[in-house]
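# Coordinate analysis (summary)
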Amino acid sequence: MISKRTSEMTSFIVMDVLERANEMEREGVDIIHLEVGEPDFDTPSCVKEAACRALEDGHTHYTHSLGMYELREAICEYYLTRYGASIDPDQVIVTSGSSPAIFLVFSALLETDDQVIISDPHYACYPNFIKFVQGQPVTVPVYEEDGFQYRPESIKEKITSKTRAIFINSPSNPTGNLLSESRMTAIADLAGEPDSPFIVSDEIYQGLVYEGKDHSILEFTDRAFVLNGFSKLYAMTGLRLGYVIAPRPFIRPMQKLQQNFFISANAMVQKAGIAALKEAGDDVARMKNTYNKRRRFMIDRLKQIGFGITIEPTGAFYVFANARHLSEDSYKLAFEILENAHVGVAPGIDFGSNGEGYLRFSYANSLENIAEGMDRLQKYLEGRA
Ligand SMILES: Cc1ncc(COP(=O)(O)O)c(C=O)c1O
């Protein structure tokens, strides 16, 4: 028998869209992919060279379970320069992507039935991580008219004696929006007392910000866990590298989890991570500049086509557009668009019940493909009306 925990796990619907799109491609249909949340850029050459060099130099063995010291130092340097947050290498655990880091944090933090507050919509996998370690996700709806930012007072209403963490993700997947400094401050205040919940902050889209300034939760409180990784900013999804920054008392317990379950992150990829942090600044600036042009173009075209975008997204590489005028069933709508317009989009329901009626468009694709995707979408929707 398959365990209850595993069989209760939901699939990632966007992957269902992608798999159907791939099937259609095998039948010869040309698809424009706006569903996947993965940079289309090649990994910066300084990163690839560092990885190859690491292999040549014999970095093919286990490393320290917390990660290479030089990488942890570079991560601290990054947080100090970018956010003025002073952390020590002994507060960092390097993982094979930020996904294992999420697993480490919730495993160390939650007893059975402990609660974690998450926004709705949210990154699709969060509830599954929480439930897998016997915790309970508690959702707080966020709304288009607030730019999908939490209302701190709504979080406060949901805090109970079982709340162990408040989860934030800014810039956010799926909405592409940022939490303002004032709202972040107010949320950090909810973690103010020793028996208050911790803040867990997924900062994986940090750096991909096109207007204003992004913030780390560490600027506002040290009762926080930071999750971050190299997948998005450095276009390193397949290399699998991430990390968690945690309050000191949690490091040794999480280190034991890492030793038992994962041993260490890949050695040569850690070397590549050091190069990313130290040498890839120009590559990141170039990618960011290109994302921004695509963002502007996509927002304008989606609005022209009739999608609702009340507050324009300024981060990550997503536009979460209101499609209620087309359908209340985003799952059906996403597949209808795929089958008829040959454009892959992610249904809002994948990201929580409050995401129903929305579609997520990713601009991690070339301007040319985005333009073609928008044209196809417009033509199909005009014909459908
Ligand atoms: C918000 C968010 N967190 C975490 C992840 C996982 O990233 P990785 O495991 O590649 O670091 C993703 C991937 O799409 C994401 O969008």
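Okay, so let's go over this structure. (Residues numbered from 1 in each chain as written. Predicted model: local features only at pLDDT ≥ 70, side-chain atom pairs only at ≥ 80, totals over all residues. Heavy atoms only, no water.)

## Side note on the site of the ligand
In the region of the ligand, 13 residues are neighbours, and Ser98, Ser99, Asp202, Ser231 and Lys232 sit closest. Between the ligand and Asp202, the relevant distance is 2.6 Å, taken from a nitrogen atom to a side-chain nitrogen or oxygen of the residue. Between Arg240 and the ligand, the recorded distance is 2.8 Å, taken from a side-chain N or O atom to an oxygen atom. Here the ligand loses 92% of its free accessible area of 400 Å² to cover by the protein chains. A per-class count over the shell around the ligand returns four nonpolar, six polar and three charged. (Near = heavy atom within 4 Å. Polar contact = N/O pair within 3.5 Å; in protein donor to acceptor, adjacent residues only side chain to side chain. Areas by Shrake-Rupley, 256 points an atom, 1.4 Å probe, with all protein chains shown as cover. Nonpolar A, V, L, I, M, F, W, Y, C, P; charged D, E, K, R; others polar.)

## Details of the pairing of strand E6 (residues 198–202)
For E6, a buried count of five out of five residues is recorded, marking the element as mostly surrounded by other parts of the structure. Burial of the side chains of E6 extends over both faces: Phe198, Val200 and Asp202 are buried on one face and Ile199 and Ser201 on the other. With five bridges joining them, strand E5 (residues 163–169) and E6 adopt parallel strand pairing. The partner of Ala165 across the bridge, within E6, is Phe198. A crossover links E5 with its parallel partner E6, the connecting element being helix H8 (residues 181–189), and its sense is right-handed. In terms of strand pairing, E6 meets strand E7 (residues 224–229) through four bridges, oriented parallel. Among the inter-strand pairings, Val200 is bridged to a residue of E7, identified as Phe225. (Buried < 20%, exposed > 50% of the residue type's maximum accessible area, 1.4 Å probe, protein only. Helix = DSSP H or I, 4+ residues; strand = E, 2+ residues; numbered from the N terminus. Pairing = 2+ DSSP bridges. Right-handed = clockwise from strand over helix to strand, strands pointing away.)

## Remarks on helix H9 (residues 248–261)
Owing to its 3.6 residues per turn, the α-helix brings residues three or four apart onto one side. The terminal C-alpha atoms of H9, which comprises 14 residues, lie 20 Å apart, in line with the 20 Å expected from a rise of 1.5 Å per residue. Among the residues of H9, Phe250, Ile251, Met254, Gln255, Leu257 and Gln258 are the ones counted as buried. Of the residues flanking the end of H9, it is Ile263, one or two places downstream, whose phi is positive at about 70°. (Expected span 1.5 Å × (residues − 1).)

## Thoughts on the packing of helix H11 (residues 281–305) against helix H13 (residues 367–384)
H13 packs onto H11 with a crossing angle of 5° between their chain directions and a minimal axis gap of 10 Å. As the angle between them shows, H11 and H13 are arranged roughly parallel. Contacts between H11 and H13 involve Lys293, Arg294, Phe297, Met298, Arg301, Leu302 and Ile305 from the first element and Leu367, Ile370, Ala371, Met374, Asp375, Leu377, Gln378 and Leu381 from the second. A per-class count over the contact of H11 with H13 returns 10 nonpolar, one polar and four charged. (Axes fitted to C-alpha atoms, helices over the stretch in contact; angles between N-to-C directions. Parallel < 35°, antiparallel > 145°, perpendicular 65-115°, else oblique. Contact = heavy atoms within 4.5 Å.)

## Quick notes on the sheet that holds strand E12 (residues 358–362)
What links the strands of a sheet is backbone hydrogen bonding, and the strands pair in either a parallel or an antiparallel sense. Ordered in space as E9-E12-E11, the three strands form an open sheet in which the pairing is antiparallel. Of all the strands in the sheet, just strand E9 (318–322) and strand E11 (346–347) have a single pairing partner and so form its edges. In this structure, E9 lies alongside E12, joined through five bridges in antiparallel fashion. By the bridge assignment for E12, Val319 is matched with Phe361. Strands E9 and E12 of the sheet are contacted by H11, whose axis makes an angle of about 10° with E9. Sheet strands in contact with helix H12 (residues 330–341) are E11 and E12, and its direction is about 45° off that of E12.

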